[in-house]
Amino acid sequence: MSSGPPPGGPVRGSRAARRTRHRRAIALEIVAGIAVVAVAGWFLFGRGGADGGSAGTTPSPQGPAGPSRLLALSVSGAALPHLAVIGTATEGRSGSALPIPMEMVTIVPGQGEAQTAAVAQLSGASIQVALSNAVGAWTEGYAVITLRQLAVIVDRGAGLKVELPLPVTTAAGVLGPGSTTLTGAQVRALLALDTPDAPTYWAHVLQGLLASPPSLRTGDLAASNGLDVVQQLLEGARGGAVLGFPTKVVAGTVTVAAQPDLDQLVTEAFGTEAPIPAIVQNGNGAPGVGEEVGRRIIPAGFRIVLSQNAATFGLPTTDVIANGEESLEAARAARKALGVGRVGVSQVPSGIGDITIVVGKDFTA
């Protein structure tokens, strides 16, 4: 019996079921064993066709209907990472920014578990994939800005206005309290602080950038997928609010995204759909495979909840396995996004991902 990709996008299960699976996704030590069982139990179904936010600001200008366009932003050069996903305004929805918690552990496609600090050290294109996977929605643009570049941008715009509820002592002097227009050197000094309040300072700077998006010039960005794209996305978020990223602590020490809270926040703020959880195993053996899989399936509505090597390398064909009959349409949609492979169904539910992708040598990054 042959099963090809459907004409539309992936078919999602009930929202309640997805939330249950997301809550289980943090149990990563259990996941690996379950994933192996899921893969072992499948039978081939046939060749496939294939911390709190700040107060809001002036509402953003209304944009077009549909979900927000997203920008993955990284400010490099500080002891602590500064990352955020920024969403443009749409019809009935203001722009917004979602800072990524500095201490959070997330799944980086192709690399497995990693803290935010490690994500910030990646290339701009890899940061784009990692942050897209973290929030469960594809970021159309990405930009990496060094602290030095940010200081130049701020000075060119006659400063950055921020609200500091308490005075902050920095290498550039005491800043605040209250409404304060910072120079480039002061912004650089504020973001360079390695203190427990660093996430709050990053949120203040983000709020200032949203209130008055800078005009970018050639040389302003250390990495991006286009100056015009980044400029459009920043302008589209003008006047938006900075949101708080929901997290929780597991095993007493590890900070992870709190689910289903995160997906609810993202769908409300950006107008996107909650992603379908997917397990990805590299049976190809080539480096970079996991990241490229993420680059193809995240825009199609998936999130990689486990990224690891398969039991063996050199598998000739990519297998896209539906973990239960109800996930067959999702598996077909993933196969369509990958462009290669065959679709199968497992009789053993994974309990973690709706689908399992075992990447074979037919997939080339």
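Thresholds applied
- Per chain, residue numbering runs from 1 following the sequence as it is written.
- With the structure being a predicted model, the display of local features is reserved for residues of pLDDT at least 70 and the display and counting of side-chain atom pairs for 80 or more, all residues being used for whole-chain, interface and lining totals.
- Side-chain numbers here rest on the full set of heavy atoms in the structure, without hydrogens or water.
- Per the convention used, a helix needs a DSSP run of H or I reaching at least four residues, while a strand needs a run of E reaching at least two, with both numbered from the N terminus.
- Throughout, a contact is declared for two residues whenever any of their heavy atoms are within 4.5 Å.
- One bridge is not enough; two strands pair if DSSP finds at least two bridges between them.
- Lines fitted to the C-alpha atoms define the axes, with helices restricted to the stretch that makes contact. Angles between their N-to-C directions range from 0 to 180 degrees.
- Throughout this description, buried means an accessible area under 20% of the type-specific maximum (1.4 Å probe, protein chains only), exposed means over 50%, and partly exposed covers the range between.
- Definition of nonpolar core: a set of buried residues of the types Ala, Val, Leu, Ile, Met, Phe, Trp, Tyr and Cys, connected through side-chain atoms within 4.5 Å.

**Considering the environment of Val 229**
Step number 1: Position of Val 229 among the secondary structure elements: in helix α8 (residues 227-236).
Step number 2: Spatially, the C-alpha atom of Val 229 lies 6.3 Å from that of Gly 141, the residues being 88 residues apart in sequence.
Step number 3: Setting aside residues up to four positions removed in sequence, Val 229 forms contacts with Glu 140 and Gly 141.

**Remarks on the sheet that holds strand β4 (residues 96-99)**
Through backbone hydrogen bonds, the strands of a sheet pair up, either in parallel or in antiparallel fashion.
Step number 1: Across the sheet, six strands lie side by side as β12-β7-β2-β3-β4-β13; this open sheet has mixed pairing. Whereas interior strands pair on both sides, the edge strands pair on one side only; in this sheet they are β12 (223-224) and β13 (241-242).
Step number 2: Bridge analysis of strand β3 (residues 82-87) against β4 gives four bridges, and the strand direction is antiparallel. Bridging from a neighbouring strand, Ile 86 pairs with Ala 97 of β4.
Step number 3: Strands in contact with helix α9 (residues 261-270) are β2 (70-76), β3 and β4; relative to β4, the strand with the most contacts, it is inclined by about 155°.

**Quick notes on the side chain of Thr 272**
Step number 1: Relative to the assigned elements, Thr 272 resides in the loop between α9 and β16 (276-282).
Step number 2: The class for Thr 272 is buried, based on a relative accessible area of 19%.
Step number 3: Setting aside anything within four residues of it in sequence, one finds Thr 272 in contact with Pro 67, Ala 137, Val 266 and Thr 267.

**Some points on the nonpolar core**
Step number 1: Counting 38 residues, the largest nonpolar core has Ile 86, Val 187, Leu 190, Leu 191, Trp 202, Val 205 and Leu 206 as the members making the most contacts within it.
Step number 2: At the level of elements, β2, β3, β7 (141-146), α5 (147-156), β8 (160-164), α6 (184-191), α7 (198-211) and α8 are the ones that each hand at least two residues to this core.
Step number 3: Top element by residues in this core is α7. It accounts for eight residues.
Step number 4: In contact with Leu 190, not counting residues within four places along its chain, are Val 168, Thr 170, Leu 175, Leu 182, Tyr 201 and Val 205.
Step number 5: Of all hydrophobic cores here, the second largest spans 25 residues; its members include Leu 83, Ile 100, Ala 120 and Ala 257.

**Some remarks on α5**
Within an α-helix, residues lying three or four positions from one another point in the same direction, as the helix has 3.6 residues per turn.
Step number 1: Of all the positions in α5, only Leu 147, Gln 149, Leu 150, Ala 151, Ile 153 and Val 154 are classed as buried.
Step number 2: Looking at the buried positions of α5, the neighbouring elements they touch are β2, β7, β8, β11 (178-182) and α6.
Step number 3: Positioned one or two residues after α5, Ala 158 has a phi angle of 65°, which is positive.

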